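# Fold and contact review
Each chain, letter by letter, is given below.
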Amino acid sequence: MRIDLHTHSTVSDGTDDPTELVAVAAAAGLGVVALTDHDTTAGWRPAAEALPPGMRLVPGAELSCVSDDGRGGRVSVHLLAYLFDPDAPAIVAEQRRLREQRRSRLRAIADRMAADGLPVDADEILGSLGPDAPAGRPHLAQALVRAGLCDTVDEAFASYLATGRGYSVPRRDTPVEHAIDMIAEAGGVTVLAHPFAFQRGPTVTAEVVETLARRGLTGVEVDHPNHDARTRDELRALAKDLGLVRTGSSDYHGTNKSIRIGQEVTPPEEFDALVAQATGTDVVVGG
Ligand code: AMP
Ligand code: ZN
Ligand code: FE
Ligand code: FE
């Protein structure tokens with residue numbers, strides 16, 4: 001059974017809509033796929049309705065959080081949340097706040113770029129996304145590609161949008177401890193996404209992962225395209241020490257990245273351990 005627990009659809013910053021995403025997952029031979037759009041659960045229903053017979057959908061989200069980095073500073077972290085009640089009032093309110101903030105941040109970045117003469121228009125980008133969409137830097141990257149300034153989204157990040165490139169605007173994200181509590185209270189489980197993906201920017205230390213494990217974190221993403229072999233070994237050992245579930249996932253974003261769905265997978269026994277700790281929403285089975 002092939003299991004991919006981290007994917008994005010057009011509901012956030014992927015390029016396959018939820019129906020297409022489920023079809024692509026099936027075509028790639030996956031038996032289980034999690035939909036983890038940034039700061040929204042709006043894709044759960046269309047994805048569930050499109051499931052082919054026997055395929056399982058794990059409803060999830062990738063939450064934008066902030067954490068101590070273990071060196072005296074603060075750092076952005078992503079928390080994958082699964083199988084929680086999407087109607088829990090605390091979650092609904094926090095996700096709405098994050099989406100609003102994402103839109104004002106995109107506007108701030110786009111305005112700065114436009115002031116520097118770059119061909120981006122905040123109204124045009126936001127207008128194409130829908131009023132409640134979680135806007136992100138990949139949408140700005142696509143605009144730069146459309147304008148012919150860059151050939152790919154990856155190139156747009158490398159030249160303009162990556163942290164430290166001059167166009168980063170910080171967000172007021174959720175303290176990761178609060179996010180872990182909030183999801184646990186809503187019956188769900190949490191997995192720290194790409195914890196040591198240092199090419200993306202600063203990361204947390206192993207000590208921080210230990211603190212989060214004590215707080216109730218369920219797992220860590222070990223096999224991720226942004227982790228090299230040494231990082232994976234280190235994280236696997238850390239997870240074992242701390243009793244955390246070890247997941248593997250592609251972080252598929254359609255054509256916004258060169259990663260294929262199912263490129264990284266979660267061992268079935270780790271998936272079972274993850275689901276066993278959730279008390280909320282069930283895995284949805286198709287057909
Ligand atoms: P945001 O949510 O606006 O902070 O944008 C983060 C998203 O941008 C991530 O989920 C990735 O999909 C993408 N991303 C972040 N860093 C890079 C990078 N260096 N190259 C390509 N895509 C990236
Ligand atoms: Zn993304
Ligand atoms: Fe992420
Ligand atoms: Fe992601």
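The name that an unreviewed UniProt entry assigns to the chain is Polymerase/histidinol phosphatase N-terminal domain-containing protein, with the source organism given as Prauserella sediminis.

## What about the overall build of the chain?
Counting its regular elements, the chain contains ten helices and nine strands. Over its C-alpha atoms the chain spans a radius of gyration of 18 Å, differing by no more than 12% from the 19 Å that the globule rule assigns to 287 residues. Considering only C-alpha atoms, the chain reaches an extent of 50 × 50 × 40 Å along its principal axes. A burial count over the chain gives 53% of its 287 residues as buried. Pairs at least 24 residues apart make up 72% of the contacts formed inside the chain by residues separated by at least 6 positions. Within the structure as shown, the chain displays about 12,200 Å² of accessible surface, and the carbon and sulfur contribution to it stands at 50%.

## Side note on the layout of surface pockets
The computed volume of the largest pocket comes to approximately 1,300 Å³. Every residue lining the largest pocket is counted, 45 residues in all, and those nearest its centre are His78, Arg137, Phe157, Thr163 and Arg200. Breaking the lining of the largest pocket down by element, the ones donating at least two residues are strand E3 (56-68), strand E4 (74-82), helix H3 (89-115), helix H5 (137-146) and helix H6 (153-161). The residues that make up the lining of the largest pocket include at least three from each of domain 1 (3-88 + 187-286) and domain 2 (102-161). Taken together, 13 residues form the lining of the second largest pocket, with Thr40, Thr41, Ala42, Pro86 and Arg99 sitting closest to its centre. Among the elements that line the lining of the second largest pocket, the one with the most residues is H3, at five residues. Of the residues assigned to the lining of the second largest pocket, the class counts are five nonpolar, three polar and five charged.

## Considering the UniProt feature "domain: Polymerase/histidinol phosphatase N-terminal" (unreviewed entry) in the chain
Feature annotation in UniProt places "domain: Polymerase/histidinol phosphatase N-terminal" (unreviewed entry) on residues 3-67, given in this structure's numbering. Counting secondary structure, residues 3-67 comes out at 25% helix and 31% strand; the distance between its end C-alpha atoms is 28 Å.

## Some details on the coordination of the iron ion (ligand 4)
Within the protein, the atoms that donate to the iron ion (ligand 4) are His6 (NE2), His8 (NE2), Glu62 (OE) and Asp251 (OD), at distances of 2.1 to 2.3 Å. Of note, the donors binding the iron ion (ligand 4) are all from one chain and are spaced H-x1-H-x53-E-x188-D. The zinc ion (ligand 2) is placed at 4.3 Å from the iron ion (ligand 4). Taken as a pair, His6 in the loop between strand E1 (2-4) and helix H1 (18-27) and Glu62 in strand E3 lie far apart in primary sequence, 56 residues in all. You can call Glu62 buried: its relative accessible area is 1%.

## Brief notes about the nonpolar core
By size, the foremost hydrophobic cluster in this structure holds 31 residues, and its most contacted members are Leu79, Leu192 and Val220. Breaking this core down by element, the ones donating at least two residues are E3, E4, helix H7 (176-185), helix H8 (206-215), strand E7 (219-223) and helix H9 (229-242). The biggest single contributor to this core is H7, with five residues. Counting residues in each nonpolar core, the second largest holds 21 residues, with Ala110, Leu118, Ile125 and Tyr167 among its members.

## A few points about H7
Taken residue by residue, H7 has Val176, Ala179, Ile180, Met182 and Ile183 as its buried positions. An end-on view of H7 places all buried positions within 165° of arc, on one side of the element. Buried residues along H7 sit in contact with E3, E4, H3, strand E5 (174-175), strand E6 (189-192) and H8. Remark: Gly187 follows H7 within two positions and exhibits a positive phi of approximately 85°.

## Observations regarding the pattern of salt bridges
The full count for this structure, using the stated rule, is 15 salt bridges. Residue Asp251 is joined to Arg200 by a salt bridge in which the shortest nitrogen-to-oxygen separation is 3.3 Å. Placement of Asp251 in the loop between strand E8 (245-248) and helix H10 (268-276) and of Arg200 in the loop between E6 and H8 is noted, with a sequence separation of 51 residues between them. Accessibility expressed as a relative area gives 34% for Arg200, which makes it partly exposed. For the salt bridge of Arg214 with Glu210, the shortest nitrogen-to-oxygen distance reads 3.6 Å. Separated by four residues within a single helix, Arg214 and Glu210 lie in helix H8, roughly one turn from each other. We classify Arg214 as exposed; its relative accessible area is 64%.

## Quick notes on the side chain of Glu221
By the element assignment, Glu221 lies in strand E7. It is Arg200 that comes nearest to the buried, bridge-free Glu221 among opposite-charge side chains, at 7.4 Å. For Glu221, the side chain forms a polar contact with the main-chain nitrogen of His194, separated by 2.7 Å.

Cut-off values and rules
- Residues numbered from 1 in each chain as written.
- Chains lettered and ligands numbered in written order.
- Predicted model: local features only at pLDDT ≥ 70, side-chain atom pairs only at ≥ 80, totals over all residues.
- Heavy atoms only, no water.
- Helix = DSSP H or I, 4+ residues; strand = E, 2+ residues; numbered from the N terminus.
- Rg over C-alpha atoms; globule rule 2.2 N^0.38 Å.
- Buried < 20%, exposed > 50% of the residue type's maximum accessible area, 1.4 Å probe, protein only.
- Contact = heavy atoms within 4.5 Å.
- Areas by Shrake-Rupley, 256 points an atom, 1.4 Å probe, with all protein chains shown as cover.
- 1 Å grid on protein atoms, 1.4 Å probe; cavity = no way out; pocket = protein on both sides within 12 Å on 5 of 7 lines; lining within 4 Å.
- Points joined across faces, edges and corners; volume = space filled by probe spheres on them.
- Domains from an automatic or database assignment.
- Nonpolar A, V, L, I, M, F, W, Y, C, P; charged D, E, K, R; others polar.
- UniProt positions renumbered as here; feature names shortened; annotations may be inferred.
- Donors = N, O, S within 2.8 Å, 3.2 Å for Na, K, Ca; no water.
- Core = buried A, V, L, I, M, F, W, Y, C linked by side-chain atoms within 4.5 Å.
- Arc of directions from axis to C-beta.
- Salt bridge = Lys/Arg side-chain N within 4 Å of Asp/Glu carboxyl O.
- Lys, Arg positive; Asp, Glu negative; His and termini not counted.
- Polar contact = N/O pair within 3.5 Å; in protein donor to acceptor, adjacent residues only side chain to side chain.

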